[in-house]
Amino acid sequence: VFGVVFLFVLGQNVKRESGRKVQIGNITAAKTIADIIRTCLGPRAMMKMLLDPMGGIVMTNDGNAILREIQVQHPAAKSMIEISRTQDEEVGDGTTSVIILERASWGGGTGHTTDGAQALAVSWGRAQGRDFFSPPSPSSTPVDVSNKELMLKIIKSAINTKAISRWAELACSIALEAVRTVELEENGRKEIDIKKYAKVEKIPGGFSEDCCVLRGIMVNKDVTHPRMRRLIKNPRVVLLDCSLEYKKGESQTDIEITREEDFARILQMEEEYIQQICEDLMRVKPDLVITEKGISDLAQHYLMRANISAIRRVRKTDNNRIARACGARIVSRTDELREEDVGTGAGLFEVKKIGDEYFAFITDCKEPKACTIVLRGASKEILAEVERNLQDAMQVCRNVLLDPQLVPGGGATEMAVAHALTEKSKGMTGVEQWPYRAVAQALEVIPRTLIQNCGASTIRVLTSLRAKHTQEGSQTWGVNGENGALVDMKELGIWEPLAVKLQTYKTAVE
């Protein structure tokens, strides 16, 4: 058909770019994002203070936490932030490393596109380079997860770069104890759900040394009636997800009353219904009733007369944790309550006042498979950062328990893989060897950044490290992030979980 004109209608501020200019723009965006958090790597990491959109302060050196607060428009920069989020959700650590490595990986591709290499050949070579990131790595070391001292040392390696490194001993023991508590093994399958069953409660005030892991659960609630017991030893606990109130109609309900006695009868029916559900509860002789819904004043009166304490409007997640801790089952109807639904695993129920608020503690549980971590500190900002650091520590511990393989830290693994990639590229010709060398060069950015952040001579130390890795049996040598000296990571005791390293490499290179 002749004379057909295609018309594209675009907005006023829309720009369309293609080719080399877009590639350079993407790489520049990646560099900008990485430069923000480059100083957050290693034990000499600097804290960043940010203002969030609501006017609050975020003080952190966690890569994902910083990038979460940044508003960006560029699609490449947004993809970088998504990469950091993926890393955090998958393994919980290595969010700064993955961004720095990704930036170096993109930067390495600049030279190849400039040299006229076809993008297809570059991407094919990079795909081949992923062969080196298949587990298990030759330098990985199996770990005995029953050795408490070794586990604490591994967690300490992760915590040393965080703000809570001053209380490393306490933080490590809290993280290990919390993960060990929620660890569950069924039919040969190990499950460690930190997000669901290890709740962190932040209470401003007190000292950081007061932080602890409870052998049970704490909720920010008080008993519903002032005359109910606030201290019960070996309580029998009943958990409900139904309300202890008169049931209202699902939709709009109209009742026409012609006689005065009918109104009195309706009120009497309401009272009888509430009395019946309270009698259903009393039948199993509980000491403590916890419900996710409301409790009417009349129900409170009946329960108080029966010497039963009650807590209402507890979150669903908290109720699930209490069920796991004391062995109770959550019941939806009071008339279905049986003896086996009652939780008897708790040793103590206590309501304490901390600051201006009341907290209910269900502690001294026999075999708690859920726990609460109580954090104390000077301000909300410090507590938020301590929580982020503690989550990272617990994730590291979880990764090691699920996959007990370790690799040396301090840039040693990166240098070992970079050396292997360089050696492999020597046996290739033409365009194919470029991506191997680019990835090898990109991997060196981790030890280089560690050296820069502690103020040592980058060129001298990195050259010495390269030379060291050409020697036989020197794969565990890396950079001491405190002073920039070359050191054997085995002697220094800096280890990282293999799962974190593999995830970092795969995410950054892909």
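Remember, it's a predicted structure, so these values are computed and weren't measured experimentally.

With that settled, consider the overall build of the protein. When you go through the protein residue by residue, the secondary structure sums to 18 helices and 20 strands. Taken against the 2.2 N^0.38 rule, which gives 24 Å for 510 residues, the C-alpha radius of gyration of the protein at 30 Å runs more than 25% over that of a compact globule. Oriented by its inertia axes, the alpha-carbon framework of the protein measures out at about 95 × 75 × 45 Å. Counting over 510 residues, the protein shows a buried share of 47%. Within the protein, contacts between residues at least 6 apart in sequence are counted, and of these 72% link residues at least 24 apart. Averaging the locations of the 68 positively and 68 negatively charged side chains of the protein gives two centres separated by 5 Å.

The next thing to look at is the domain arrangement of the protein. In terms of domains, the protein is made up of domain 1 (20–139 + 407–508) and domain 2 (216–249 + 262–367). Taken over C-alpha atoms, the centre of domain 1 sits 53 Å from the centre of domain 2.

Right, let's talk about the packing of aromatic side chains for a bit. Applying the stated rule across the entire model yields one aromatic pair. Ring centres 5.6 Å apart and planes at 90° place the aromatic pair Tyr246 and Tyr273 in the edge-to-face group. Placement of the pair is Tyr246 in the loop between strand 10 (237–240) and helix 9 (260–282) and Tyr273 in helix 9, with a sequence separation of 27 residues. Taking the relative accessible area as the measure of exposure, Tyr273 reaches 33% and is therefore partly exposed. Lying across the ring of Tyr197, Arg324 places its NZ or CZ 3.7 Å from the centre. One cation-aromatic arrangement involves Lys352 over Phe361; the distance from NZ or CZ to the ring centre is 4.9 Å.

Here we come to the side chain of Ser296. Relative to the helices and strands, Ser296 resides in the loop between strand 11 (288–291) and helix 10 (297–305). Once residues lying within four places of it in the same chain are set aside, the contact partners of Ser296 are Leu244, Glu245 and Ile274.

So, on to empty space enclosed by the protein. A probe as big as a water molecule, rolled over the atoms, marks out the empty space that is left. Inspection of the entire model under this criterion finds one cavity of 30 Å³ or more. Quantified by volume, the largest cavity comes out at close to 120 Å³. Forming the boundary of the largest cavity are Ile164, Trp167, Leu170, Ala171, Ile174, Ser208, Cys211, Leu375, Arg376, Ile382, Val386 and Leu390. For the lining of the largest cavity, the secondary-structure elements that each account for two or more residues are helix 7 (168–182), strand 16 (371–377) and helix 12 (380–402). Grouping the constituent residues of the lining of the largest cavity by class yields ten nonpolar, one polar and one charged.

The rules we used
- Residues numbered from 1 in each chain as written.
- Predicted model: local features only at pLDDT ≥ 70, side-chain atom pairs only at ≥ 80, totals over all residues.
- Heavy atoms only, no water.
- Helix = DSSP H or I, 4+ residues; strand = E, 2+ residues; numbered from the N terminus.
- Rg over C-alpha atoms; globule rule 2.2 N^0.38 Å.
- Buried < 20%, exposed > 50% of the residue type's maximum accessible area, 1.4 Å probe, protein only.
- Contact = heavy atoms within 4.5 Å.
- Lys, Arg positive; Asp, Glu negative; His and termini not counted.
- Charge placed at Lys NZ, Arg CZ, Asp CG, Glu CD.
- Domains from an automatic or database assignment.
- Phe/Tyr/Trp six-rings, centres within 6.5 Å; stacked < 30°, edge-to-face > 60°.
- Lys NZ or Arg CZ within 6 Å of the ring centre and 35° of its normal.
- 1 Å grid on protein atoms, 1.4 Å probe; cavity = no way out; pocket = protein on both sides within 12 Å on 5 of 7 lines; lining within 4 Å.
- Points joined across faces, edges and corners; volume = space filled by probe spheres on them.
- Nonpolar A, V, L, I, M, F, W, Y, C, P; charged D, E, K, R; others polar.

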